[in-house]
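Coordinate analysis (summary)
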Amino acid sequence: MAVSQYALVTVEEAQTYLGITASGEALTRLEMLIDGVSAALDDEYQTYFVKRAWTEVHAGGIGHRRGFGRRVHLHRAPIEAVVSVVDGEGTEVDADDYLVLGDLGILEHHTRWPLPVYRWSVTVSGGWFEDTAGVAADVKLEALSRVAARYQDPEGREAESVKVGDLQISYGGSAAGGTSALGAPGGRPRLSRYWREGV
């Protein structure tokens, strides 16, 4: 297999970071970890770091929690363009009827979103970086550190160490469940410039 086109790091970058040359099952495992970590970071930050198109389903009629009259809040941002907004019968909302607040991931109707048949299917495109090569260094570092942690300790335990005199021993600790986006000091996201407050 190979990593997804939306991976945040390449296999070569991960191998360099780990100081290994993987092959066979180890390479397959490394590729799976890269894709898993990339998807997890997208989910945690409610974004797509590598640009793409995607479709979300919203109920955005009058008074509904998601649309609530004028606004539909998309699950991910930023967005660059809206491809279409159609309901369950294929009725499309004209692009001139709403504003696109791309950085916030919000579609704001000039009056009120009409009540859809079933749901609105909102297809948009957006993200931060054109491709894996263009991913910023801070995002790559976060992805690499998570890949390394899982590669070196598949059970996801935190490393612990004991030092006695000049001797220091590191070993696996209790199950940690992986690294959270809110793991930085003060509870702030490590990649805070990509974080959407209040969403």
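Residue numbers run consecutively from 1 along every chain, following the written order of its sequence. pLDDT decides what is reported in this predicted model: residues at 70 or higher carry local features, side-chain atom pairs at 80 or more are listed and counted, and totals for whole chains, interfaces and linings draw on all residues regardless. Here the side-chain values reflect all heavy atoms present in the structure, with hydrogen atoms and water set aside.

**Observations regarding the sheet that holds strand β1 (residues 52-58)**
Under the convention used in this document: Paired strands, as defined in this entry, are two strands with at least two bridges between them according to DSSP. Secondary structure is summarised from DSSP: a helix means a run of H or I of at least four residues, a strand means a run of E of at least two, and numbering begins at the N terminus for each. Axis geometry follows a simple rule: fit a line to the C-alpha atoms, using only the stretch in contact for helices, then measure angles between N-to-C directions, giving values from 0 to 180 degrees.
Across the sheet, which stays open at both edges, the three strands sit in the order β1-β6-β3 with antiparallel pairing between neighbours. Unpaired on one side and paired on the other, β1 and β3 (79-86) mark the two borders of the sheet. Averaged over all pairs of adjacent strands, the angle between their axes in this sheet comes to 25°, without regard to strand direction. Pairing between β1 and strand β6 (residues 120-126): seven bridges, direction antiparallel.

**Observations concerning the confidence of the model for the protein**
So the rule is basically this: You can read pLDDT as the predictor saying how much it trusts each residue, on a scale of 0 to 100. Contacts were defined at the residue level, with two residues in contact if any of their heavy atoms lie within 4.5 Å.
Chain-level pLDDT for the protein is 82 on average; 75% of the residues reach the 70-or-more range. Overall, residues 62-68 carries pLDDT values under 50, and its contacts beyond four positions in sequence, including any with other chains, amount to 15 contacts. In this model, residues 170-187 is a region of pLDDT below 50 whose contacts with residues beyond four sequence positions or in other chains number 45 contacts.

**Some thoughts on the sheet that holds strand β5 (residues 106-109)**
What the three strands build is an open sheet, ordered β2-β5-β4; its pairing is antiparallel. Of all strands in the sheet, those bounded by a partner on one side alone are β2 (71-73) and β4 (98-101). On average, adjacent strands in this sheet sit at an angle of 15° to one another, irrespective of strand direction.

**Considerations on the nonpolar core**
Under the convention used in this document: Only buried Ala, Val, Leu, Ile, Met, Phe, Trp, Tyr and Cys residues count toward a nonpolar core, and they belong to the same one when joined by side-chain atoms within 4.5 Å. Residue exposure (1.4 Å probe, protein chains only): buried if accessible area is under 20% of the type maximum, exposed if over 50%, otherwise partly exposed.
If you look at the biggest cluster of nonpolar residues, it comprises 26 residues, and the most contacted ones within it are L8, L30, I34, F49, V139 and Y194. Of the residues forming this core, the biggest block, six residues, is contributed by helix α3 (residues 137-152). With residues near it in sequence (within four places) discarded, L8 still touches S38, L41, F49, V50, T132, V135, V139, K140 and A143. Of all hydrophobic cores here, the second largest spans 13 residues; its members include W54, V72, L74 and I79.

**Some words on the environment of V100**
Here V100 shows up in strand β4. Those residues in contact with V100, other than ones at most four positions away along the chain, are I79, V82, I106 and L107.

**Overview of the environment of W120**
Short version of the rule: Under the rule applied, a polar contact is a pair of N or O atoms within 3.5 Å (in protein, one hydrogen donor and one hydrogen acceptor; residues adjacent in sequence only if both atoms are side-chain atoms).
Its place among the elements puts W120 in strand β6. Between the C-alpha atom of W120 and that of E56, which follows or precedes it by 64 residues, the distance is 8.2 Å. Here P114 takes part through its backbone oxygen, which lies 3.4 Å from a polar atom of the side chain of W120.

**Here's the deal with the pattern of salt bridges**
Condition: Salt bridges, as used here, are contacts in which a Lys or Arg side-chain nitrogen is within 4 Å of a carboxyl oxygen on Asp or Glu.
One pass over the structure, following the stated rule, counts 10 salt bridges. For D138, the salt bridge is made with R193, and the minimal N-O distance between the two is 3.2 Å. Of this pair, D138 sits in helix α3 while R193 is found in the segment after β8 (167-175), placing the two residues 55 residues apart along the sequence. R193 gets classed as exposed once you look at its relative accessible area, which sits at 55%. When salt bridges with common partners are traced through the structure, they connect E44, E142 and R146 into a single cluster.

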